[in-house]
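# Geometric and topological summary
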Amino acid sequence: MKITFHGAARTVTGSQHLIEVNGSSLLLDCGLYQGSRRESYERNRQFRFNPRQLDAVILSHAHIDHSGNLPNLVKNGYQGPIYTTPATAHLSRIMLLDSAHIQEADAEFINRKRAARQEEPVEPLYTVPDAEQAGEYLQDIPYQQSFEPVPGVVAHLVDAGHILGSASVALDIDDHGQKICLWFSGDIGRRGLPLIRDPILPDRPDYMIMESTYGDKVHRDPQRAFEELRDLVTRTVKRGGKVIIPAFAVGRTQEIVYALHQMMVSGDIPPIPIVVDSPLAINVTEVFNDFPECFDDETWAFIRSGKHREVFGFDHLIYTRSADESKALNDRRDPMVIISASGMAEVGRILHHLKNNIEDPKNTVLIVSWQAPDTLGRRIADREPEVKIFGEMYQVRAEVATIGGLSAHAGQNMLVEYAQVAQGNLQQIFLVHGEPKPAEILRGRMAETGISRVAYPDLHSSVEI
Ligand SMILES: [Zn+2]
Ligand SMILES: [Zn+2]
């Protein structure tokens, strides 16, 4: 059996791991690499294997850095099943279409510039029909149900506690009589996150491919993070400003809405408008309402407590779908919270809100998730004094706040615990989905607790087992 790390190797985004066994090949995730435009396009365009010869794909969750290159895989000839949980399948169909629109718009933007220089146009990475086709290959596999993606491999998905529908993948492999249990963590969630259930820990595998995003950080308790959120909203309202939050349409948006709702119910924050300005987030929120079986006990208790039947619908919550409604927000002077995509502020409506609000010290820009290098979100989080938006420079005069404790990723302690629980038969851990510094720090912490066989594979490198 051979594992090749085709993405999220020595970096966070672009999750893609190829398993070759018994003459079959199986791909774990097919995510987009996210970074500067040119580098991303080149990295994402070409696969280092032939998609036509791939037999099956298993998708851990709907985030674009795990799912976003599936339409390109299909465009390049893949016609097999893409196994994932029902909630992820549902979310991915929405997310991939949205991503295809972005790819098309991006190519158009580049081609206008190229045409002016009499250069050949570039093709979009993929188009809406490619995304629709990929959506048709998605196959629902409920948590804990065994299935055989390729001959000799029995798989099951367990709750990774990261976002709605997220899974870790357990593979029981029979490689010509040699039995190997391989565990792919996907993105590991945290205990005590709102809405979703806690992650399930690995079940003594022989080998483990494991994420390491926050290998260098001990997260604050989610409760502390919500107190910070409360204080920050209160402070900004007192100044008469707006809180602008770039957030991924899946996960963070719903968690923040839910948390602000609870704070408003308990009187912890004043009753101000909470605006979700992202058609994608609205569609995704509807999916949350469709999969209440994924909610944790606490959320159920809140729903059952009486008048809050709709978790994501309450008086002060405004969803803006049309561009006109979104633009109208610019003219409003009253304090409010605006949550908009994309989460790293590279594209989407959030750019307009940042452009209109970042120069006013009354306002707050709140960063709530990991930001890839070379994105606007990272520049703001790094407190750069001026940033470029739509080709123009803007002074960052708004308060900039980062609340790390809201992350949907496990922090260092949980990652170490995850690796400890996996001990027993474990031959090797392969750290992926992490930048070099966090991964190295995590490896050091693991070594201190007696976990020694930890590799940090290079991009496109292979291991034979
Ligand atoms: Zn994720
Ligand atoms: Zn990820």
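Cut-offs and rules
- Residues numbered from 1 in each chain as written.
- Chains lettered and ligands numbered in written order.
- Predicted model: local features only at pLDDT ≥ 70, side-chain atom pairs only at ≥ 80, totals over all residues.
- Heavy atoms only, no water.
- Donors = N, O, S within 2.8 Å, 3.2 Å for Na, K, Ca; no water.
- Tetrahedral: all angles 85-135°; square planar, octahedral: opposite > 155°, others 65-115°.
- Helix = DSSP H or I, 4+ residues; strand = E, 2+ residues; numbered from the N terminus.
- Salt bridge = Lys/Arg side-chain N within 4 Å of Asp/Glu carboxyl O.
- Buried < 20%, exposed > 50% of the residue type's maximum accessible area, 1.4 Å probe, protein only.
- Polar contact = N/O pair within 3.5 Å; in protein donor to acceptor, adjacent residues only side chain to side chain.
- Contact = heavy atoms within 4.5 Å.
- Pairing = 2+ DSSP bridges.
- Axes fitted to C-alpha atoms, helices over the stretch in contact; angles between N-to-C directions.
- Core = buried A, V, L, I, M, F, W, Y, C linked by side-chain atoms within 4.5 Å.

## Topic: the coordination of the zinc ion (ligand 2)
Surrounding the zinc ion (ligand 2) are the protein donor atoms Asp65 (OD), His66 (NE2), Asp187 (OD) and His433 (NE2), which sit 2.1 to 2.3 Å from the metal. For the zinc ion (ligand 2), the 4 donor atoms are set out with angles of 88 to 168 degrees between them, so the coordination reads as irregular. We note that the donor set of the zinc ion (ligand 2) lies within a single chain, spaced as D-H-x120-D-x245-H. Here the zinc ion (ligand 2) and the zinc ion (ligand 1) are spaced 3.4 Å apart, and both take Asp187 as a donor. Pair noted here: His66 is in helix α2 (residues 64–67) and Asp187 is in the loop between β10 (178–184) and β11 (207–211), with a separation of 121 residues, a long-range link.

## Considering the pattern of salt bridges
In the structure shown here, the tally under the stated rule is 23 salt bridges. The salt bridge partner of Lys75 is Glu123, with a shortest N-O separation of 2.8 Å. Placement of the pair is Lys75 in helix α3 (residues 70–75) and Glu123 in the loop between α4 (86–116) and α5 (128–137), with a sequence separation of 48 residues. Taking relative accessible area as the criterion, Lys75 reaches 33% and is therefore assigned partly exposed. Here Glu448 and Arg445 are joined by a salt bridge, their closest N and O atoms 3.9 Å apart. With a gap of 3 residues between them, Glu448 and Arg445 both fall in helix α14 (residues 436–448), about one helical turn apart. Using a relative accessible area of 64% as the deciding quantity, one classes Glu448 as exposed. Linked through salt bridges whose partners overlap, the residues forming this network are Arg114, Arg117 and Glu119.

## Some details on the side chain of Thr320
In this structure, Thr320 sits in the loop between β14 (317–319) and α10 (323–328). Within the structure, Thr320 has its side chain in polar contact with the side chain of Asp277 (distance 2.6 Å). Apart from residues lying up to four places away in sequence, Thr320 is in contact with Val275, Val276, Asp277, Ser278, Pro279, Ile282, Glu325, Ser326, Leu329 and Arg349.

## What to know about the coordination of the zinc ion (ligand 1)
Here the zinc ion (ligand 1) is held by His61 (NE2), His63 (ND1), His162 (NE2) and Asp187 (OD), and the distances to it run 2.1 to 2.3 Å. Each of the 4 donor atoms bound to the zinc ion (ligand 1) contributes to angles spanning 90 to 165 degrees, and the resulting shape is irregular. Donor residues binding the zinc ion (ligand 1) come from one chain and are separated in sequence as H-x1-H-x98-H-x24-D.

## A look at the sheet that holds β14
In spatial order, the strands read β14-β13-β15-β12-β16-β19; together these 6 strands make up an open sheet with parallel pairing. The open sheet has two edge strands, β14 and β19 (399–402), and neither has a second partner. When the angles between neighbouring strand axes are averaged without regard to direction, this sheet yields 20 degrees.

## Regarding the environment of Tyr41
Structurally, the position occupied by Tyr41 is in helix α1 (residues 37–45). Each C-alpha atom of the pair Tyr41 and Leu125 lies 7.1 Å from the other, and the pair is 84 residues apart in sequence. Among all residues touching Tyr41, those that are not within four sequence positions of it are Val122, Glu123 and Leu125.

## What about the pairing of strand β9 (residues 167–175)?
In terms of burial, β9 is a largely internal element, 7 of the 9 residues being buried. In this sheet, β9 lies alongside strand β8 (residues 153–159) in antiparallel orientation, the contact comprising 7 bridges. Looking across to β9, one finds that Leu157 is bridged to Val169. Two elements, β9 and β10, share 7 bridges in a ladder whose sense is antiparallel. Paired with Ala170 across the bridge in β10 is Trp183. In this structure, the hairpin formed by β9 and β10 is closed by a connection of 2 residues, where His176 is found at a positive phi of approximately 50 degrees.

## Observations concerning the nonpolar core
By size, the foremost hydrophobic cluster in this structure holds 107 residues, and its most contacted members are Ile58, Leu73, Leu171 and Val233. Among residues more than four places away in sequence, those in contact with Leu171 are Leu26, Leu28, Ile58, Val153, Val154, Ala155, Ile180, Cys181 and Leu182. With 22 residues, the next largest nonpolar core counts Tyr418, Leu426, Ala439 and Leu442 among its residues.

## With respect to the environment of Tyr456
Along the polypeptide, Tyr456 turns up in the loop between β21 (454–455) and β22 (462–464). Overall, the relative accessible area of 5% leaves Tyr456 in the buried class. In this structure the C-alpha to C-alpha distance between Tyr456 and Phe430, which are 26 residues apart in sequence, comes to 5.7 Å. Every residue in contact with Tyr456, bar those within four places of it in the chain, is listed here: Arg10, Thr11, Leu431, Gly434, Glu435, Pro436, Ala439, Glu440 and Arg443. A polar atom in the side chain of Tyr456 sits 3.4 Å from the backbone oxygen of Glu435.

## A look at the sheet that holds strand β4 (residues 56–58)
Spatially, β6-β5-β4-β3-β2-β1-β22 is the arrangement adopted by the 7 strands of the open sheet, whose pairing is mixed. The open sheet has two edge strands with one neighbour each: β6 (138–140) and β22. Within this sheet the neighbouring strands show an average axis-to-axis angle of 25 degrees, counted without direction. Alignment of β4 against strand β5 (residues 82–84), held across 2 bridges, turns out to be parallel.

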